[in-house]
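Descriptive analysis of the structure
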Amino acid sequence: MTVAAGLSRRSFLVASLAGGAVLTLDASIALAAPQAGMAADVLNAFVRINADNTVTIGAKNPEIGQGVKVMLPMLIAEEMDLAWEQVKIEQTDADEKRFGPQVAGGSTATPRNWLPMRQVGAAARQMLVAAAAKKWGVDPAGLSTANGAVLHAASGRSVTYASLAKDAASQPAPDLAKVALKDPARFSIIGKSKPGVDVPAIVRGQPLFGIDTRVPGMLHAAVVKCPAHGGTVASFDDAAVKAIPGVVAVLAVNSGLVPEGRQDTLLIVADSWWKASQAREKLAVKWDDAAVSGFSTAGYEAAAAKLIAAPAQVSLFKAGNADTAIAGAAKVVKADYDYPFLAHATLEPQNCTALFQDGKLEIWAPSQAPAGGRADTAKFCGLSPEDLTVHLTRIGGGFGRRLMNDYMVIAGQAAKALPGKPVKVLFDRTDDLRHDFYRPAGWHRFTAGLDETGALVALKDHFVTFGKDGKAIRAADLAPTEFPGPVLPNVDFGTSYLETNLATGWLRAPTSNAMAFVFQSFLDEVAEAASLDLPELMRRTLGEPREVPGGRVPFHTGRARGVIDAVCRTAGWKGRKKGRGFGFYFSHLGYFAEVVDLFITDGVVRIDKVWVAGDVGSQIINPVNALHQVQGATIEGIGQALVNQKIEQENGAVTAGNFGDYSPIRIDAVPREIAVEWVKTDFAPTGLGEPALPPVIPAIANAIYSITGKRHRRLPLEML
């Protein structure tokens with residue numbers, strides 16, 4: 001896999017003496033193909049050199065705990081040859097016309113920004129050097145930089161960036177495609193651990209998150225939504241609510257989930273959120289929900305059982321003739337696997353604050369995808385997207401939930417209905433759990449064929465999930481390139497669809513968090529039938545190092561083999577052993593293999609240690625944050641595997657009301673150690689928010705089997 005980066009357009013420097021800033025660098029660059037398979041992007045960086053020779057660098061992407069608020073400025077600072085102590089970091093507003101894509105999702109921040117942000121820093125450095133060369137009348141080739149200064153070794157002279165900034169602004173802007181980048185051997189910031197810039201404020205409890213937003217004169221809104229997803233307001237009586245002192249209004253709005261012209265959300269707006277929340281008990285509402293109240297978990301189970309026994313409705317991928325190969329196989333392995341709907345269950349519930357005045361809408365939003373929120377909010381408010389200013393707040397948990405912007409759409413309509421009055425919309429925990437965009441459930445029927453040597457020669461999967469008009473709904477798809485499909489001679493992947501009224505969405509490591517469990521757990525069964533352990537079956541199935549067709553990018557069998565070998569070495573894997581399980585997965589451009597050691601006491605699974613080996617390319621940008629990302633993803637995967645995380649429905653409505661019904665993982669379930677090893681390869685760096693999560697789930701399932709002799713083919717892995 002190679003990175004093809006085509007850079008064009010221009011970068012430019014603008015002198016500014018306002019507010020103590022002596023230089024503003026605004027670099028706009030077009031990245032034609034930052035990673036094979038990814039669309040062309042335009043990215044921007046904003047750098048300000050201050051009079052005291054500190055440098056303020058704008059962090060453009062939403063910060064959701066993934067560390068991007070530090071990582072992106074590190075790339076620019078490295079190439080500018082700054083000392084990290086000189087760097088100040090500011091969160092930018094959401095403005096894709098200035099800054100390019102601003103998304104926290106898909107583990108895309110690193111592959112999209114690795115070269116562009118470095119080139120921005122290098123361009124600034126080159127112009128500063130040119131200014132110094134002109135000032136001294138020397139050849140730029142004889143100058144060097146360090147710690148925010150330009151140095152001339154021959155004369156012993158030096159000058160700070162701040163002193164050069166105004167002159168640098170008059171220098172021709174360099175071609176970003178041709179600026180010289182540092183040799184990685186000279187990195188002094190990249191590859192060195194840098195703590196989160198917000199950590200001190202978080203520890204002190206200072207307001208940073210969307211839920212902390214305070215605006216003078218702010219009103220508070222509590223939401224009332226139809227219990228059955230997709231239900232709309234038929235009528236309501238708000239007389240009793242409006243009689244409560246402090247209640248300002250009762251508003252009917254569209255969250256963006258129902259057709260225009262309908263309303264599915266009622267807002268009680270008051271001078272305090274507690275007052276608004278308590279007033280909900282006095283609101284009389286009639287819902288139009290007849291079309292959506294018939295959905296239930298029991299109904300899905302019954303319908304899935306019928307569908308999976310019939311031929312698949314849609315063919316996803318075929319190679320060779322799987323039926324013929326299985327019919328002639330020396331051994332045949334069959335198994336059914338399934339997993340439930342999941343909620344995101346963010347610690348910070350959904351919220352958004354908005355102010356409408358003078359025909360403009362100002363929003364404070366903890367959004368992972370603010371551009372989408374801007375467009376949706378403008379649409380439902382009857383405004384132009386240019387009429388919206390979106391301030392990015394730190395996000396207190398998202399995991400994909402905040403890629404959907406219903407809270408922005410709701411808050412925008414509330415503010416427009418009450419011009420001049422800031423309105424904060426806040427979901428409570430029950431609202432959040434019962435009106436999420438859920439990870440879809442799914443059912444798989446696998447059949448595999450082995451030849452006389454134990455080689456896997458055929459694989460079938462009939463996948464039952466949720467869809468409409470012959471297509472999977474959001475986050476319910478199975479990639480036709482799901483491993484090991486592309487490397488087998490005979491494959492048949494097909495799917496059939498159920499209907500649901502639930503809104504669905506991406507959950508951290510979307511689709512991968514489910515597919516890793518079912519495919520790697522089933523492959524462990526196949527390995528056992530072949531008298532092998534799973535790592536050895538994987539090695540034999542992967543074959544020689546090569547690229548094979550993939551989703552966003554090709555799948556590299558050699559990189560997969562690298563992490564498998566690494567984790568087996570560090571964990572001391574010697575084949576099947578009681579209490580030990582293995583899992584591998586490739587997702588979001590990252591290759592990860594994991595080994596779990598666990599024991600079972602009084603029917604409770606206790607995980608002792610997890611070993612992780614990951615290949616995300618040639619460079620770990622911020623090691624301490626990378627470690628925390630892997631550890632956090634692993635812990636989240638353990639929660640999905642073992643904790644009571646299962647969304648259930650009755651009469652079209654989700655039944656979970658709080659963390660007592662849908663438990664987050666607790667600290668006593670966390671392993672005593674999660675050991676992480678990096679397998680560095682000669683590929684461009686990729687992201688870390690998601691790919692470490694999927695493999696731990698099948699590793700746990702396979703370890704439980706090693707102790708109990710019983711296959712647990714349904715999530716969560718209940719020990720009954």
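Our structure is the block above this text.
None of these values were measured; they are calculated from a predicted model. (Residues numbered from 1 in each chain as written. Predicted model: local features only at pLDDT ≥ 70, side-chain atom pairs only at ≥ 80, totals over all residues. Heavy atoms only, no water.)

Attention shifts here to the overall build of the protein. Scanning the protein from N- to C-terminus turns up 17 helices and 32 strands. Counted over contacts in the protein with a minimum sequence separation of 6, partners at least 24 positions apart contribute 76%. Split by element, the accessible area of the protein, about 27,300 Å² in all, is 52% carbon and sulfur. Distance between charge centres in the protein, computed from 73 positive and 72 negative side chains, equals 3 Å. (Helix = DSSP H or I, 4+ residues; strand = E, 2+ residues; numbered from the N terminus. Contact = heavy atoms within 4.5 Å. Areas by Shrake-Rupley, 256 points an atom, 1.4 Å probe, with all protein chains shown as cover. Lys, Arg positive; Asp, Glu negative; His and termini not counted. Charge placed at Lys NZ, Arg CZ, Asp CG, Glu CD.)

What follows covers the packing of aromatic side chains. Applying the stated criterion across every chain yields a total of 19 aromatic pairs. Taking the centre distance of 4.8 Å and the plane angle of 10° together, the rings of Phe-446 and Phe-522 count as stacked. Here Phe-446, found in strand E21 (residues 442-450), pairs with Phe-522, found in helix H13 (residues 512-529); they are 76 residues apart in sequence, far enough to count as distant. The burial state of Phe-446 is the same as that of Phe-522; both residues are buried. Their ring planes at 75° and their centres at 6.4 Å tell us that Phe-555 and Phe-584 sit as a pair that is edge-to-face. Taken as a pair, Phe-555 in strand E26 (residues 555-556) and Phe-584 in strand E27 (residues 580-587) lie far apart in primary sequence, 29 residues in all. Here Phe-555 matches Phe-584 in class, with each residue buried. In this structure an aromatic cluster arises from ring pairing among Phe-317, Tyr-337, Phe-446, Phe-493, Phe-517, Phe-519 and Phe-522. Lying over the aromatic face of Trp-114, Arg-118 brings its terminal NZ or CZ to 4.7 Å of the ring centre. Just above the ring of Trp-506 sits the side chain of Arg-474; from NZ or CZ to the centre is 5.8 Å. (Phe/Tyr/Trp six-rings, centres within 6.5 Å; stacked < 30°, edge-to-face > 60°. Buried < 20%, exposed > 50% of the residue type's maximum accessible area, 1.4 Å probe, protein only. Lys NZ or Arg CZ within 6 Å of the ring centre and 35° of its normal.)

Between helix H14 (residues 534-542) and helix H15 (residues 557-571), whose axes approach to 10 Å, the crossing angle comes to 160°. With respect to their mutual orientation, H14 and H15 come out roughly antiparallel. H14 and H15 meet at a crossing whose hand is left-handed. Of H15, the residues touching H14 (which contributes Pro-535, Met-538, Arg-539 and Leu-542) are Thr-557, Ala-560, Arg-561, Ile-564, Asp-565 and Cys-568. (Axes fitted to C-alpha atoms, helices over the stretch in contact; angles between N-to-C directions. Parallel < 35°, antiparallel > 145°, perpendicular 65-115°, else oblique. Left-handed = near helix turned anticlockwise from the far one by under 90°.)

Taken in spatial order, the 7 strands line up as E12-E13-E10-E20-E17-E18-E19 in an open sheet, and their pairing is mixed. Taken across any chain shown, the strands that pair with only one partner, and hence form the sheet edges, are strand E12 (247-253) and strand E19 (388-392). Ignoring which end each strand starts from, the neighbouring axes of this sheet average 20° apart. Bridge count between strand E18 (residues 360-365) and E19: 5 bridges; the pairing is parallel. Residue pairing in the sheet places Glu-362 in a bridge with Thr-389 of E19. Across the sheet, helix H10 (residues 370-381) is in contact with E18 and E19; its angle to E19 comes to roughly 145°. (Pairing = 2+ DSSP bridges.)

To continue, consider helix H1 (residues 68-80). Relative to the 18 Å expected for 13 residues at 1.5 Å per residue, H1 spans 19 Å between its end C-alpha atoms, a close match to the ideal helical length. Burial analysis of H1 places 13 of its 13 residues in the buried class, the great majority of the element. Looking at the residues trailing H1, positive phi occurs at Asp-81, about 65°. (Expected span 1.5 Å × (residues − 1).)

As a further point, take the sheet that holds E27. Taken in spatial order, the 4 strands line up as E27-E28-E29-E32 in an open sheet, and their pairing is mixed. In this open sheet, the two strands that pair with only one neighbour each are E27 and strand E32 (673-678). Strand-to-strand twist of the sheet, defined as the mean angle between neighbouring strand axes without regard to direction, takes the value 20°. Two strands pair when backbone bridges link them, and strand E28 (residues 590-601) and strand E29 (residues 604-615) are joined in this way by 11 bridges, in the antiparallel orientation. Across the sheet, the residue bridging to Phe-599 is Arg-606, located in E29. Against the sheet, helix H17 (residues 696-708) contacts E27, E28 and E29, and its axis sits at roughly 35° relative to E28.

Okay, the packing of H1 against helix H3 (residues 109-136) next. Two numbers describe how H1 lies on H3: the axes approach to 6 Å, and their chain directions differ by 35°. Between H1 and H3 lies a crossing whose hand is right-handed. Contacts between H1 and H3 involve Val-68, Met-71, Leu-72, Leu-75, Ile-76, Glu-79 and Met-80 on the former and, on the latter, Ala-109, Thr-110, Asn-113, Trp-114, Met-117, Arg-118, Gly-121, Ala-122, Ala-124, Arg-125 and Leu-128. A per-class count over the contact of H1 with H3 returns 12 nonpolar, 3 polar and 3 charged. (Nonpolar A, V, L, I, M, F, W, Y, C, P; charged D, E, K, R; others polar.)

Here we come to the pairing of strand E20 (residues 423-426). In E20, alternate side chains face the same way, and those of Val-423 and Val-425 on one face and Lys-424 and Leu-426 on the other are all buried. Bridge count for strand E10 (residues 219-225) against E20 is 3 bridges, and the pairing is parallel. Each bridged residue has a counterpart across the sheet, and for Ala-221 the counterpart in E20 is Val-425. Here strand E17 (residues 351-357) pairs with E20 via 4 bridges, running antiparallel. Residue pairing in the sheet places Ala-354 in a bridge with Val-423 of E20.

Take it as geometry only, folks, not as evidence of what the structure does.
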